Structure formats: structure tokens, C-alpha cells
Amino acid sequence: MPQQVGNGSAAWRRLLRPGTGGDTSGASWLVLLLFLGPALLVFGAMTAYPMVRTICDSFFTIDDPDKPIWVGLANYVTLAGDGTFRRAVVNTLIWSVAAPVLDVGVGLLLALCLYAKVPFTRFLRVAWFTPVLLSYVVVAIVWLWLYNYDWGIVNVLFRAIGLGGLASAWLGNPHLALGSLIFIDVWKWAGFNMVVCLAAIHSLPSEVLEAAELDNCGWGGKLRFVIVPMLRPTLLNLYILAFVAKMKVFDLVWIMTQGGPLWSTETVSTYVYKRAFAWNTFDLGYPAAIASVWFGVVIVTVLLLNRLLRSRERVEF
Amino acid sequence: MKRQVLACAAALCAALLSPVPPPAAAEPTQITMVSNWPDEPAKKAWVSDRVADFNAGNQQCSVKLTFTPKAEIFTQLKATLRTGHAPDIFYMEPDSPEFFDGGYLEPLDAYIEQAGIEDWARPAWTHNGKIYGIPAEAYTVELYYNKNLVKKLGVELPPDFQLTQAQFADLVNRAIKAGIAPVAAGVGDRPYPGAFLTFESLLRKLGIEDYGKLVHGQLSYNDPRVIAVLTWMKGMIDAGAYPRSMSTLKLGEAHFYFYSSPGAVIFPDPSWYTGRAFAKPEDGGQPADFPLGIMQYPAMDNGACPTCKTLAVGGSFSMFSKSPHKECAGAMLRSMATVENGTKWMEMVALQTGIKSDPNKIDSPHADYFKDLNARDKNAKYFFGVPLLYYRGKCAETYSQVMNAAFPEGLIGVKDAADQMDAACLSK
């Protein structure tokens, strides 16, 4: 392509200023538009427009899309007093804060196991990563079986080792249901974090690790004073990515509990879905208000986290 | 230039030499229809047969039929109706008033013979004097039981097949002591099965008028009569009446739980029980020799109406108000709502229908079952509609979470349940 441009018509020469090479600062608007246009178009149609439209919709009652009724801030006022929404916010925040810590922590431990060359490393790497490849639908169905009170493997194992008293309706008990779902989420994503952490560990400068060994630093000391501090940017990136993903958690909850029992697993996403599609109404205004508020919460939280963490480390994601 | 001229000449020659297509034969207008019941062979067969009959006997219209699970139908409809791309005919239930309110359903008065619809079923689909659905499925809320297990527990049913409140609790307790699952119920994929026993008992305690007030939010759940029923229920629930796995047990699995594994004594279920149970055993139906019985829900102490029973219209078919092919869709619906097809429904599905039928012509292998069902429904006083026909929004959600799930699962007490229902449903 550079050859074509170099030998091309005068029009092409006018479009690309001489000496642009890898430096795009000298490119004309037309060329920039040519390269950015498709991406901007997709972003505008699939992200920006729905986002702006959702925020606009939140000021209306929209039973009939052709005749939206302006209600101002009424949806937001109702939302402020909505107990189910508050419950959903609390559940989602618990999930978003706790699950990434476990995801990343377990992922790091697994990566360290592989780095330490435990037996069956190749098999374990595949086995631990496999859940990442499964869709949430499959994961949910499998765990519905595993958690079954009567014949699920979890309770069967408890009974087999004489701990039948611990056998529970894992998804039917409001005190256990959210934790049970978070456990599944950790099981699914720990493998992804493991792979990233393992790559990061392998890319650590060997001279630093060797220097630590020369200083008679044991495994524990090396881990605490060398490896984890040097992995810190990677771990923070993983945490923020996981945090953002958990703030939108929907599939697993919807398939397994639909927010029950007694709203103990209701998340903001499942509540938006219920209000939009399962509430004996076609109104999209109120669900749009919930989505808008949550969009704001996610943006603000991520900015805060970014700012907080950037003061110590440069976070890139 | 020379090249362009040559290209034009070649194109012209090709056009002249190509065979002239014959005038297209008039293609029939194809309409789309979406039905529930992909996992209920008998109902699926009835709908498929009606469409096949229509397609075979109609030159102008053809119907493209698909089967989709109920939850997905409603989700899809809420998206496609808004954009005007919904199917011409779709599965619908009368407890979804938003579809009327949104103007998405076409009145069928001009398209169907109303004489083909049962008088008692018509109100379920009548709004502002117009009818909006073909009520294929109708049902009564029944209490199925395993005759052998009841006998094994040493309980003999009275001639009217109705136990008293105390006798029913005794039956449940005997089952628990014998290590037999007393009640089959699963709420994993439905917002109502866990509430059948409670609400049918409430209906018999309160009578039609006051029960109507309860489900219209005009009577408190803290009414002493309601509390009495809930307290009686709570005693059985705490003793272990319901499966511990009921929160994740799906409706289809609850059927299996009742008649196969582990096997339960009773199964509160509408008469559409047959849709799954009368399928072949290898398709999830009950074993051929299963000792199925139908008893009355227990008579409540000082109950206002021991013979009351819930009658409701379920799966129906409606027309999209913005369908571009209303004549074809109307013809299809008209062809469904005939006495002949009502009779076929009864034969094939072994379930009541809101379409008129001819009992004398029903030729069913389940004649004994029908005999039992008719005997239990004889002299019944009907209350029309299950609670979700009346509950909306937050109230319906609370009913689903509290009365359908948390209360029968033993997660909350009587007072808590009553307060939560009042907070969500009681008219202020």
C-alpha cells in the first residue's frame, strides 16, 4: 500500500501530506476520517446513540413509543423510594467488590502454582482455564445440578463425609444464594486471571528474582516482596476490569434464581430487565431511569478507582 | 468508449436472448404464528394440526408456525410489538393487560364466530365489549394424588374426596414420618405453582366474594381468616411438606417429582397437568400404570365455600393489531374456534378448553380421567382466574417472591408474608 500511495495519482498525494510515514499528526482530515469513520460509526450507532437515547427516555413514560409522555424527574423520584432497587444496588455492589478480589486472588494463586511447576502442570492449566470457555448458560445449568438439594454433588459430598447438616438449599436460602452465585462466578473467571497473571509472572525481569535468591529470600519472601509488588499494575487492571463486568452481572442470576429468593440475588441488571419485560407494562421510561442511574454510578466508580490507583501506579485498560 | 459500447451491446443481446419468465402464479400470503408448548406434545400436536388443516384448505393464505417457550414469547413480543415486527398471530394469556392497554391486540369480533367460544370463557378475553383472544386452554386448579401412596399411609378419602383441614394436615404428617415426599411443587421457572395450595385453601375459607376482594387488594392479608389459613399452611410447611429443592425445581421437573422420582403423595396443579403427564413415559409422561387420583382441596374450618374452585383461561391466541395480513390471520383464528376443534382439543390434550366442544363426540383414551375430573368438578362454584390474573407490577412480583416461593419454602413467617403482601397489594 505505501508503494501505491507513493506512485499514485495526484489526488492521493494531496490527501496524504508528504513525509507522514508512521506519524499521523500530519494526515489530512479526510484520511483520518477514512480510518476512524467505520469505528466511529459503530461506536455511535451501538454505544453512543443507545446511551443518549436511554438517558432521554428516562424523562418520559413510554407505554406507546409513538406517544411518549414527558414526566421530568418523576421516574428518578420514584426510583429514590424503590426498595427493590436499593436491594439490587446493595447486592450488585457486594458482588462487584467481593468477586473481583476473589477472582484475581484465586487466579494469582493458581498462576503461582503453575509457575512453581506443581505436578500435572499442563493438565491443570487446561482444567483451570476451561470454565472460561463455557457460556454462562452452560455454567448455570451445570451448577443448578451441582447445587440441587436432593442429588446435587455438593450436598451428596457433605452427606458422604458425615456433614449432612451442612447440606443446604444453596439457591433457595436467602442467606446463601448470593454467596453461592458469587462462588460460581469466581470458579468461572479465576482461570482467566490465572492466565494473565502467569504471563505477567513470566515477564518479570529474571535478574530481580535471581537477586532475591542470592539474598537468601525464600519463596514466601520472594512472593511478598518481589513478585506481588511487581505484578501490582497487572492485578489492578484485572480488578478494575472484573469490577466493571460484575456491575453489569445478569446472565448467571437470571438463569439460576431470577433475583430470588426474596430478592436476595436481585441485581440492577435483572431488575432493569424485570421492569422492562416482566412488569405488566410496556413502559421503558422507568427501566431507562434505572439504567441511567447505574450507568452514572459505574462511570463515577471507575473514574474514582482510576484516580485513586493512578496516584500510585499507572493503570491501563 | 469503444469498450463501453461493446459492453452495452453484449448486455442488450443477453437480455433479448434470455427466456422470458412466465407470469408468476399468485403466491399465497404467508403469515407468521408463534405458539407456546414446545415441550408439551399433545398441545403442540393440536396447534400443528390446526395449522396444517388451514394450510391444506386455503389457497390464499399459508401459516408459518413456530413453537417457543412461554417466557421467551413474552420477552420477544415486548420488543417486536413496539417496532411493529411481531408475528401476525401469537400465543397470549389473559393476565397480560399491558397488551390490551398498549393497543397491540386486534379485536376478533369481525373475524371469528363468537358462538364457537364458551360463554364462561369469553369474559377472560373481553375488554370494552370486544373479544381479543381464542381461549384454547382452560383449566381448573386441581389436587392430584397418588392413590397407592395415600393408601399406603393408611388414609381413606371420604366419598366426596374432600378431607378436612385436620385430616389433610394428618396426611402430610404421615407422609413425612414415612419418609415420603408429601407435596410436589417447583417454582424454578414459574411465578405461581408454590401458591396453589395456599390460595385454593384461601378461596374455600373466604368464599368467592371475599376471595375476590383479597386478589383485588380490597381485603388485607392480616384478616384473621387469612391468617388462620396461612398459619395452618405454615404448620405443614415447617414440618417439611414441600421439597427442599423447590426453589430450583422447574414445573416439568415437579411433574416428574410427583409421578416418578422420588414420587410424592399430592401434586397441586391445574388441570393442564395432562399436557405433560399424558405424554409417553419416554417423553416425560407419567408411567402407564400410574395410580392417578384427583381429590378436592381440603375444606377449611368454618370455611365459607368448601365447594369453591378456581377456573381460568390459559394459553390463547391473539392477532397483532398492526398485522399487514389481518384477513389471513383472522381466517386462521376463525378456523381454530370451532366446536369440532374444541372436541379435538379435549380428545388430544385431555384438558378443558374455552372453545366450545361436543362432550358426546369426545373419543379419548383418557375417558376414566375425564370421568374423575368431571366428578370432582360437579357442583363446584367457580371463581374465575388465578391471582396473577389480577395482580400487577410490584404486587405480582411480591406474590411470586413471597407467596409462591419464600412462604412455602419456609423462609418467612405468617406475619411477615401477610405484611409484605399488604404492602405491595392492598389498596391504600
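Not measured: the values here are computed from a predicted model.

## Here's the deal with unusual backbone geometry
Then, in step 1: Residue proline 261 of chain A follows glycine 260 of chain A across a cis peptide bond; omega there is -10°.
Then, in step 2: Summarising the element assignment, proline 261 of chain A is placed in the loop between α12 (251-256) and α13 (268-277).
Then, in step 3: Here the amide bond leading from serine 261 of chain B into proline 262 of chain B is cis, since omega sits at 0°, within 30 degrees of zero.

## Regarding a nonpolar patch on the surface
Residues and elements named next belong to chain A.
Then, in step 1: On the surface, Met51, Val52, Ile55, Phe295, Ile299 and Leu303 cluster together into a nonpolar patch covering about 480 Å² of accessible area.
Then, in step 2: Mapped onto the nonpolar patch, the elements with two or more residues apiece are α3 (29-57) and α14 (285-310).
Then, in step 3: Residue classification places valine 52 among the partly exposed positions, given a relative accessible area of 45%.

## Structural notes on the domain arrangement of chain B
Residue and element names in this part refer to chain B.
Then, in step 1: Under the domain assignment used here, chain B contains domain 1 (25-137 + 314-357) and domain 2 (140-311 + 381-425).
Then, in step 2: For domain 1 and domain 2, the distance between their C-alpha centres works out to 30 Å.
Then, in step 3: At the junction of the two partners, domain 1 supplies 15 residues and domain 2 supplies 14 residues.
Then, in step 4: Roughly 1200 Å² is buried in total at the junction of domain 1 and domain 2, and carbon and sulfur atoms are behind 59% of that figure.
Then, in step 5: On inspection of domain 1 and its partner domain 2, the count reaches 2 salt bridges.

## Some points on the pattern of salt bridges
Residues and elements named next belong to chain B.
Then, in step 1: Counted under the stated rule, the structure contains 27 salt bridges over all chains.
Then, in step 2: The shortest N-O distance in the salt bridge between aspartate 39 and arginine 276 comes to 3.5 Å. In this pair, aspartate 39 is assigned in the loop between β1 (29-35) and α2 (41-56) and arginine 276 in helix α11 (residues 273-277), connecting sequence segments 237 residues apart.
Then, in step 3: One connected set of salt bridges, linked through shared partners, spans Asp39, Glu40, Lys43, Glu137 and Arg276.

## Considerations on the state of the cysteines
Then, in step 1: Tallied over the full model, the rule gives 3 disulfides over all chains.
Then, in step 2: The disulfide bridge from cysteine 61 of chain B ends at cysteine 328 of chain B, spanning 2.0 Å between sulfur atoms. Its S-S torsion of approximately -75° makes the covalent link between cysteine 61 of chain B and cysteine 328 of chain B left-handed. Remark: cysteine 328 of chain B occurs in helix α12 (residues 326-336) and cysteine 61 of chain B occurs in strand β2 (residues 61-67); sequence separation between them is 267 residues. Here the two residues cysteine 61 of chain B and cysteine 328 of chain B agree in accessibility, since each one is buried.
Then, in step 3: With a sulfur-sulfur separation of 1.9 Å, cysteine 305 of chain B is cross-linked through a disulfide to cysteine 308 of chain B. Looking along the S-S bond of the cysteine 305 of chain B-cysteine 308 of chain B disulfide, the torsion reads about 90°, which is the right-handed sense.
Then, in step 4: Counting only the cysteines that take part in disulfides, in the order they occur along chain B, gives the pairing 1-4, 2-3, 5-6.
Then, in step 5: Not engaged in a disulfide, the cysteine cysteine 113 of chain A finds its nearest cysteine sulfur in cysteine 197 of chain A; these two sulfurs lie 12 Å apart.

## Describing the interface of chain B and chain A
Then, in step 1: Contacts between the two partners involve 31 residues from chain B and, on the opposite side, 31 residues from chain A.
Then, in step 2: Carbon and sulfur atoms supply 56% of the area buried between chain B and chain A, which totals about 2500 Å² over both sides.
Then, in step 3: On inspection of chain B and its partner chain A, the count reaches 1 salt bridge.
Then, in step 4: If you list the elements that add at least two residues to the side of chain B that touches chain A, you get α3 (70-83), α4 (98-101) and α16 (393-406) of chain B.
Then, in step 5: If you tally residues by element for the side of chain B that touches chain A, the top one is α16 of chain B, at 8 residues.

## Quick look at the environment of tryptophan 170 of chain A
Residues and elements named next belong to chain A.
Then, in step 1: Topologically, tryptophan 170 is positioned in the loop between α8 (153-160) and α9 (177-202).
Then, in step 2: The sequence separation of tryptophan 170 and glycine 37 amounts to 133 residues, and the corresponding C-alpha distance is 50 Å.
Then, in step 3: In this view, tryptophan 170 contacts Tyr147, Val154, Asn155, Phe158, Leu176, Ala177 and Ser180; residues no more than four positions away in its chain are not counted.

Calculation rules
- Think of each chain on its own: its residues are numbered from 1, step by step along the sequence as written.
- Throughout, the order in which chains and ligands are written sets their labels, letters from A for the former and numbers from 1 for the latter.
- Local features in this predicted model are restricted to residues of pLDDT 70 or higher, and side-chain atom pairs are both shown and tallied only at a pLDDT of 80 or more, whereas totals for entire chains, interfaces and linings draw on every residue.
- For the side-chain quantities, the full set of heavy atoms in the structure was used; hydrogens and water were omitted.
- Numbered from the N terminus, helices here are DSSP runs of H or I no shorter than four residues, and strands are runs of E no shorter than two.
- For patch detection, residues must exceed 30% relative accessible area and be free of salt bridges, and they are connected within 9 Å for like charges or within 5 Å for nonpolar side chains (Val, Leu, Ile, Met, Phe, Trp, Tyr).
- Per-residue and other accessible areas were derived by the Shrake-Rupley procedure at a 1.4 Å probe size, with only the shown protein chains allowed to occlude residues.
- A pair is scored as a salt bridge if a Lys or Arg side-chain nitrogen falls within 4 Å of a carboxyl oxygen belonging to Asp or Glu.
- Only protein chains enter the accessibility calculation, which uses a 1.4 Å probe; a residue is then buried when its area is under 20% of its type maximum, exposed when over 50%, and partly exposed in between.
- Bear in mind that the domain bounds are from an automatic or database domain assignment.
- It only takes one pair of heavy atoms within 4.5 Å for two residues to be counted as in contact.
- Buried area is a sum: the accessible area each of two parts loses on coming together, probed at 1.4 Å, counted once for each and added.
- Here, two cysteine sulfur atoms that lie within 2.5 Å of each other are counted as a disulfide.

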